[in-house]
Amino acid sequence: MKNYLKRSAVAACAAAAALALTAGTASAAPSTVWTVSPSPASFTAVNTGNIVLTATIPMTCTASNASGTMASTTGNPANVAAISTMNFGTSGAPCTSVLGNVTTVAVTPWSVVAVDYNSATGVTTGYVGNVKANVSAGVCKFTVSGKASATYTNSTGILAVNSVAGELTVSNPVNCGAVVTTSTKPTFKGNYAVKVAGTTTIPTIVGSNP
């Protein structure tokens, strides 16, 4: 009986040690090699469909574009691209809302951050980081900052921005009344077609573990 209890205790200790090792391994975020092709390179991005910033009310842009640089890197998460210019609306096609035309001035650089990669689909999951923009909708003015969840698909070159409530915040609202306050949780949604600058080439992002 004593030998049985002793063997059971040893087995229990071994199982606990194995479980602790497994938990430690699972919780660690492994470094990831991100291969961007071509790299380094400049890129442009143009909206496909409407871009919508919602801060209690939707503000819709039918035209939006961005540009910047991209490069291979290592890390998790990792900045795979820097957005140096980000434009919303044009003089001929301004962004609109029920409060009037909307002017959004991005404070760059923003970043494209890679977190996970699905080799079966060629989709990178991550977010657009360091987001900051000064927004005017009629007489209402405020600043939006934070990050916006996004995916990038190699086969189409589409950067799909689809933020969730709580990722972006509002600061310094002026003349907005109860419509936009510091408690407002904005969202930023829309798709951008990415190309290597001056070409029709779709860049790719591939993640791997060393």
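Given the structure is predicted, the values throughout are model-derived calculations rather than measurements.

About the thresholds
- Residues numbered from 1 in each chain as written.
- Predicted model: local features only at pLDDT ≥ 70, side-chain atom pairs only at ≥ 80, totals over all residues.
- Heavy atoms only, no water.
- Phe/Tyr/Trp six-rings, centres within 6.5 Å; stacked < 30°, edge-to-face > 60°.
- Helix = DSSP H or I, 4+ residues; strand = E, 2+ residues; numbered from the N terminus.
- Buried < 20%, exposed > 50% of the residue type's maximum accessible area, 1.4 Å probe, protein only.
- Pairing = 2+ DSSP bridges.
- Disulfide = S-S within 2.5 Å.
- pLDDT = per-residue confidence, 0-100.
- Contact = heavy atoms within 4.5 Å.
- Core = buried A, V, L, I, M, F, W, Y, C linked by side-chain atoms within 4.5 Å.
- Lys, Arg positive; Asp, Glu negative; His and termini not counted.
- Salt bridge = Lys/Arg side-chain N within 4 Å of Asp/Glu carboxyl O.
- Polar contact = N/O pair within 3.5 Å; in protein donor to acceptor, adjacent residues only side chain to side chain.

### Quick notes on the packing of aromatic side chains
- What the rule picks out here adds up to three aromatic pairs.
- Here W110 and F188 contribute two aromatic rings whose centre-to-centre distance is 6.4 Å and whose plane-to-plane angle is 75°, an arrangement assigned as edge-to-face. Placement of the pair is W110 in strand β10 (residues 110-118) and F188 in strand β15 (residues 187-196), with a sequence separation of 78 residues. In terms of burial, W110 and F188 fall into one category: buried.
- Among the aromatic residues, those joined into a ring-pair cluster are F88, W110 and F188.

### Regarding the sheet that holds strand β16 (residues 204-208)
- With antiparallel pairing, three strands are arranged side by side in an open sheet as β6-β1-β16. For this open sheet the edge positions go to β6 (73-74) and β16, each flanked by a neighbour on one side alone.
- As defined by bridge partners, strand β1 (residues 33-37) adjoins β16 across five bridges and the pair is classed as antiparallel. Across the sheet, the residue bridging to V33 is S208, located in β16.

### Here we look at the state of the cysteines
- Under the criterion given, the structure shown has two disulfides.
- Each disulfide pairs two cysteine sulfurs, and for C61 the partner residue is C95, the sulfurs being separated by 2.0 Å. One disulfide, between C61 and C95, carries an S-S torsion of 110° and so falls in the right-handed class. Of this pair, C61 sits in strand β4 (residues 57-61) while C95 sits in strand β8 (residues 95-97), and the two are 34 residues apart along the sequence.

### Quick word on the pairing of β15
- Where strand β2 (residues 41-47) lies against β15, five bridges are found, and the strand directions are antiparallel. Within β15, the position partnered with A45 by the bridge is V194.
- Pairing geometry for strand β3 (residues 51-55) and β15, over three bridges, is antiparallel. The partner of L53 across the bridge, within β15, is F188.
- Direction of pairing for strand β13 (residues 158-162) relative to β15: antiparallel, over a ladder of five bridges. Looking across to β15, one finds that N162 is bridged to K189.

### Here we look at the confidence of the model for the protein chain
- Scored by pLDDT, the protein chain has a mean of 89; 85% of the residues are at 70 or more.
- Every residue in residues 1-29 scores below 50 in pLDDT, and together they form zero contacts with partners more than four places removed in sequence or on other chains.

### Re unusual backbone geometry
- Residue P77 follows N76 across a cis peptide bond; omega there is 0°.
- Positionally, P77 belongs in the loop between β6 and β7 (78-88).
- For T56, which is not a glycine, the phi torsion comes out positive at approximately 75°.
- By the secondary structure assignment, T56 is in the loop between β3 and β4.
- Of note in this structure, N130 is not a glycine but carries a positive phi near 60°.
- Its relative accessible area of 51% is what places N130 among the exposed residues.

### Thoughts on the nonpolar core
- M86, F88, W110, F142, F188 and Y192 are the most contacted members of the largest nonpolar core, which totals 47 residues.
- When neighbours within four sequence positions are excluded, F88 is seen to be in contact with I51, C61, A63, S64, C95, T104, W110, F188 and Y192.

### A few points about the side chain of E167
- Looking at where E167 falls in the secondary structure, it is placed in the loop between β13 and β14 (168-174).
- Here E167 occupies a buried position and makes no salt bridge, while the nearest side chain of opposite charge, K147, is found at 4.9 Å.
- A distance of 3.2 Å separates a polar atom in the side chain of E167 from the backbone nitrogen of V164.
- Each residue touching E167, except ones within four places of it in the same chain, is listed here: S145, G146, K147, A148 and S149.

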